[in-house]
Amino acid sequence: MSDVLLSIDNLSKGFSSSGRRVAALENVSLTIAAGETLGIVGASGSGKSTLSRILLRLLAADAGAIRFEGEDWLALSGAALRRKRAQMQMVFQDPLAAFNPLATVGAVLDDPLRIHEVVPRHRRTGEIAMLLERVGLSADYAGRPVRSLSGGQRQRVAIARAIATRPSLLVLDEAVSALDVTVRGRILELLVELQREQGIACLFISHDLAVVRAVSHRIAVIDNGRIVETGPATSVVVAPQSDAARALVAAVPRLVTDPF
Amino acid sequence: MSDIFCSLRQLSVTYGHGAAALDRIDLDIAAGERLAIVGESGSGKSTFARALADLLPERAKVGGEMLWPALGHPPRPGRDFGFIFQDPGSSLNPVLTIGEQIAEGARRHLGLNWKQAYARAEELLGRVRMPQPDKVMRAFPHQLSGGQRQRVAIAAAIAAKPQLLIADEATSALDVVVQAEIVRLLDGLVREDGMTLLFITHDIALASGFVDRIAVFRDARLVEAGPVRSVLSAPQSDYTAELIASHRDLRTPPLIAKAAS
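Remember, predicted model here, so these are calculated numbers, not experimental data. (Residues numbered from 1 in each chain as written. Chains lettered and ligands numbered in written order. Predicted model: local features only at pLDDT ≥ 70, side-chain atom pairs only at ≥ 80, totals over all residues.)

Moving on to the overall build of chain B. Helix and strand counts for chain B come out as 10 helices and 9 strands. For 261 residues, the compact-globule formula gives about 18 Å, and the C-alpha radius of gyration of chain B, at 19 Å, lands near that figure. Dimensions of chain B, computed from the C-alpha atoms along their principal axes, are close to 60 × 55 × 40 Å. Considering chain B as a whole, with its 261 residues, one finds that 46% of them fall into the buried category. When contacts within chain B are restricted to residue pairs at least 6 apart in sequence, those whose partners lie at least 24 apart make up 67%. (Helix = DSSP H or I, 4+ residues; strand = E, 2+ residues; numbered from the N terminus. Rg over C-alpha atoms; globule rule 2.2 N^0.38 Å. Buried ≥ 20, exposed ≤ 12 C-beta atoms within 10 Å, placed from the backbone. Contact = placed C-beta atoms within 7 Å.)

Shown next, in the form of structure tokens:
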């Protein structure tokens with residue numbers, strides 16, 4: 001692939017736990033090209049969420065650098081950071097916790113359009129309808145409280161909110177893990193379609209290699225805060241090189257359908 | 001199949017004045033079998049587990065019959081069945097040591113004194129493959145990882161040698177690697193002790209790897225039940241077929257086209 005959209009260089013982060021220093025991330029380096037999906041897969045406690053939180057500037061790194069769209073992402077602050085955030089949006093595991101529970105769907109989508117001045121005021125209602133339609137919901141959802149939606153519908157709204165600012169990168173942290181399997185498949189399809197249409201790059205984080213594999217061009221395996229393996233999705237799945245990757249491959253539940 | 005352990009006839013549960021959470025379920029559970037209850041959110045699978053364990057809230061209205069021919073009486077919690085919840089962080093008591101909470105069941109139901117009960121607790125921690133059981137005995141739940149806590153919850157659930165083990169989404173909060181270990185552990189324990197296992201899950205593939213029979217629930221109804229191989233290879237209902245088709249593993253073709261590079 002072509003242009004590097006995001007590059008992470010030797011990122012490290014430690015936490016202290018009862019006097020002990022625990023490395024959550026150690027010298028993590030990664031790149032994502034424009035329009036590419038990089039899957040990050042690892043077990044609980046491997047550092048996946050620390051990585052996404054640093055990337056989203058919710059947590060400060062101890063060392064290392066991140067360049068995003070050619071700028072020093074960790075050096076941005078204040079108004080410049082807020083403006084630039086429009087280009088990097090996120091979808092979390094539990095969308096209800098990520099929304100104001102009293103808000104309507106329309107209000108949730110209106111916020112980013114207003115704050116980032118994506119479209120003029122008189123066109124916002126139309127834009128909201130278009131975003132809803134884009135994620136497979138009808139325009140009349142705008143008047144409904146977020147609370148009244150099912151988990152899958154909420155996650156569609158979360159995706160609509162994330163793409164409202166026309167970002168170049170979406171960070172998805174366990175975005176489908178809480179959904180039922182039938183719903184999960186449709187959300188994954190939606191993500192792939194959006195990427196194809198709009199050329200958005202994705203960082204797709206999950207503990208489930210089968211889900212990561214479904215949507216990723218390349219996969220990075222993280223274990224104990226270190227990237228232990230990176231490669232095209234197929235090679236990581238077919239010929240895992242590290243113990244962590246082999247364990248993840250072996251742990252994917254397989255449908256046993258053969259009759260005795 | 002062997003003797004019937006539990007027999008359910010027209011079992012219904014309603015909360016308040018809403019729609020039925022379980023609607024006229026007819027199902028027999030054979031002694032010593034491993035039965036998976038598979039369903040998505042709102043299917044009634046957890047209500048089913050809670051109805052069997054008599055853990056429904058007071059406002060729940062229960063109809064139909066629940067018979068326990070093998071026991072001859074309603075099952076006593078802890079003694080006749082053990083229950084493993086999804087979140088061991090909230091099912092374990094945060095202010096008791098691991099040793100105390102496992103020993104409690106053994107002391108109460110097996111007539112052991114505390115010393116014997118502690119010895120049994122330590123032995124059980126070994127059986128659930130907990131590293132350094134002697135140290136873990138003195139630990140508190142918050143000092144353990146999610147997977148370790150679930151091992152402790154399993155040890156506590158089997159402490160009084162129950163005949164039935166109910167696992168309600170016991171692996172859903174764990175990552176896939178730990179999930180695979182816990183499923184292997186449960187499978188081994190019920191085989192060794194000849195326990196009946198009720199494995200409640202949203203993941204039909206996970207169940208397909210080790211249970212004897214599968215019962216599929218949807219919208220409070222039992223959709224179909226049968227031996228695992230026949231349900232998986234020739235599902236009777238469209239819904240079961242959809243569940244099977246929605247499963248992704250590493251053999252499923254990826255959704256993205258081959259990398260553009």
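Read on, since the account is not over.
Once that is clear, we can look at the interface of chain A and chain B. Between chain A and chain B, the residue contacts involve 38 residues of the former and 34 residues of the latter. At the level of secondary structure, the elements contributing two or more residues to the side of chain A that touches chain B comprise α7 (181-198), α8 (209-215), α9 (233-238) and α10 (243-251) of chain A. Broken down by class, the residue content of the side of chain A that touches chain B amounts to 23 nonpolar, 9 polar and 6 charged. (Nonpolar A, V, L, I, M, F, W, Y, C, P; charged D, E, K, R; others polar.)

All names here are of chain B. Counting buried positions along strand β7 (residues 196-201) yields 6 of 6 residues, so the element is predominantly enclosed. Along β7, one buried face is formed by Thr196, Leu198 and Ile200 and the opposite face, lined by Leu197, Phe199 and Thr201, is buried too. In this structure, strand β3 (residues 34-38) lies alongside β7, joined through 5 bridges in parallel fashion. Bridging from a neighbouring strand, Ala36 pairs with Phe199 of β7. (Pairing = 2+ DSSP bridges.)

This part is about the sheet that holds β7(B). Residues and elements named next belong to chain B. In space, the 6 strands of this open sheet follow the order β5-β6-β7-β3-β8-β9, with mixed pairing throughout. The strands lining the two open edges of the sheet, one partner per strand, are β5 (81-84) and β9 (221-227). Direction aside, the axes of adjacent strands within the sheet are offset by 15° on average. Relative to strand β8 (residues 213-218), β3 is paired through 4 bridges, and the arrangement is parallel. Of the residues in β8, the one forming a bridge with Leu35 is Arg213. (Axes fitted to C-alpha atoms, helices over the stretch in contact; angles between N-to-C directions.)

This part is about the UniProt feature "domain: ABC transporter" (unreviewed entry) in chain B. As recorded in UniProt, the feature "domain: ABC transporter" (unreviewed entry) lies at residues 6-244 of chain B. Split by type, residues 6-244 of chain B is 38% helix and 26% strand. Its first and last C-alpha atoms lie 28 Å apart. (UniProt positions renumbered as here; feature names shortened; annotations may be inferred.)

With that settled, the discussion passes to unusual backbone geometry. Positive phi outside glycine occurs at Asn10(A), with the angle close to 50°. Inspection of the secondary structure puts Asn10(A) in strand β1 (residues 4-17). Looking at Asn10(A), the number of C-beta atoms within 10 Å reads 13, which means it is partly exposed. Not every positive phi belongs to a glycine, and Asp54(B) is a case in point at roughly 55°. Examined against the element boundaries, Asp54(B) turns out to sit in the loop between α1 (45-52) and β4 (60-67). Taking the number of C-beta atoms within 10 Å as the measure of exposure, Asp54(B) has 13 and is therefore partly exposed.

Before going further, it helps to examine the packing of helix α5 (residues 124-134) of chain A against helix α6 (residues 151-164) of chain A. All names here are of chain A. Where α5 meets α6, the closest approach of the two axes is 9 Å, and the angle between their N-to-C directions is 125°. The orientation of α5 relative to α6 falls into the category oblique. Note on packing geometry: the crossing formed by α5 with α6 is right-handed. Listed contacts from α6 to Leu131, Leu132 and Arg134 of α5 are Ala160, Ile163 and Ala164. (Parallel < 35°, antiparallel > 145°, perpendicular 65-115°, else oblique. Left-handed = near helix turned anticlockwise from the far one by under 90°.)

Residues and elements named next belong to chain A. Packing of helix α4 (residues 105-115) against α6 leaves a shortest axis separation of 8 Å and a crossing angle of 20°. Compared by their axis directions, α4 and α6 come out roughly parallel. Crossing handedness for the pair α4 and α6: right-handed. For the pair α4 and α6, the contacting residues are Val105, Val108, Leu109, Pro112 and Leu113 in the first and Val157, Ala160, Arg161 and Ala164 in the second. The class makeup of the residues in the contact of α4 with α6 is 8 nonpolar, no polar and 1 charged.

A few words now on the domain arrangement of chain A. Residue and element names in this part refer to chain A. Here chain A is described as being made up of domain 1 (1-68 + 167-250) and domain 2 (94-166). Residue-level contacts link 9 residues of domain 1 with 11 residues of domain 2. It is α7 that provides the largest number of residues to the side of domain 1 that touches domain 2, a total of 4 residues. Grouping the constituent residues of the side of domain 1 that touches domain 2 by class yields 9 nonpolar, no polar and no charged. (Domains from an automatic or database assignment.)

Here chain B averages 93 in pLDDT, while 97% of its residues score no lower than 70. On the interface metric, ipTM, the complex scores 0.82, and its pTM is 0.88. (pLDDT = per-residue confidence, 0-100.)

Note that soluble globular proteins tend to have their nonpolar side chains buried in a common cluster. Counting 162 residues, the largest nonpolar core has Leu203(A), Leu248(A), Ala155(B), Leu165(B), Ile166(B), Leu198(B) and Ile214(B) as its most contacted members. At 8 residues, helix α7 (residues 176-193) of chain B tops the list of elements feeding residues into this core. Discounting residues that sit within four places of it in the chain, Leu203(A) has contacts with Ile32(A), Leu38(A), Ile40(A), Leu169(A), Val171(A) and Leu172(A). (Core = buried A, V, L, I, M, F, W, Y, C linked by C-beta atoms within 7 Å.)

Looking now at the domain arrangement of chain B. Residue and element names in this part refer to chain B. Here chain B is described as being made up of domain 1 (1-79 + 161-260) and domain 2 (81-160). Taking the mean C-alpha position of each, domain 1 and domain 2 sit 24 Å from one another. Of the residues lining the interface, 23 residues belong to domain 1; the matching set on domain 2 comes to 18 residues. Secondary-structure elements contributing two or more residues to the side of domain 1 that touches domain 2 are β6 (164-168) and α7.

Residues and elements named next belong to chain A. An order of β2-β1-β4-β5 is seen for the 4 strands of this open sheet, with the pairing classed as antiparallel. Sheet topology places β2 (20-33) and β5 (71-72) at the edges, where each strand pairs with a single neighbour. Bridging between β1 and strand β4 (residues 63-68) involves 5 bridges; their strand directions are antiparallel. Residue Asp9 lies in a different strand from β4, and its bridge partner there is Ala65. The strands that helix α1 (residues 48-55) touches are β1, β2 and β4; relative to β2, the one it contacts most, it runs at about 65°.

Bringing α4(A) into the picture now. All names here are of chain A. Taken residue by residue, α4 has Val105, Val108, Leu109, Pro112 and Leu113 as its buried positions. The buried side chains of α4 occupy one side of the element, clustering within an arc of 130° when seen end-on. Residues of α4 that are buried make contact with α5 and α6. Just past α4, the residue Glu117 takes up positive phi, approximately 45°. (Arc of directions from axis to C-beta.)

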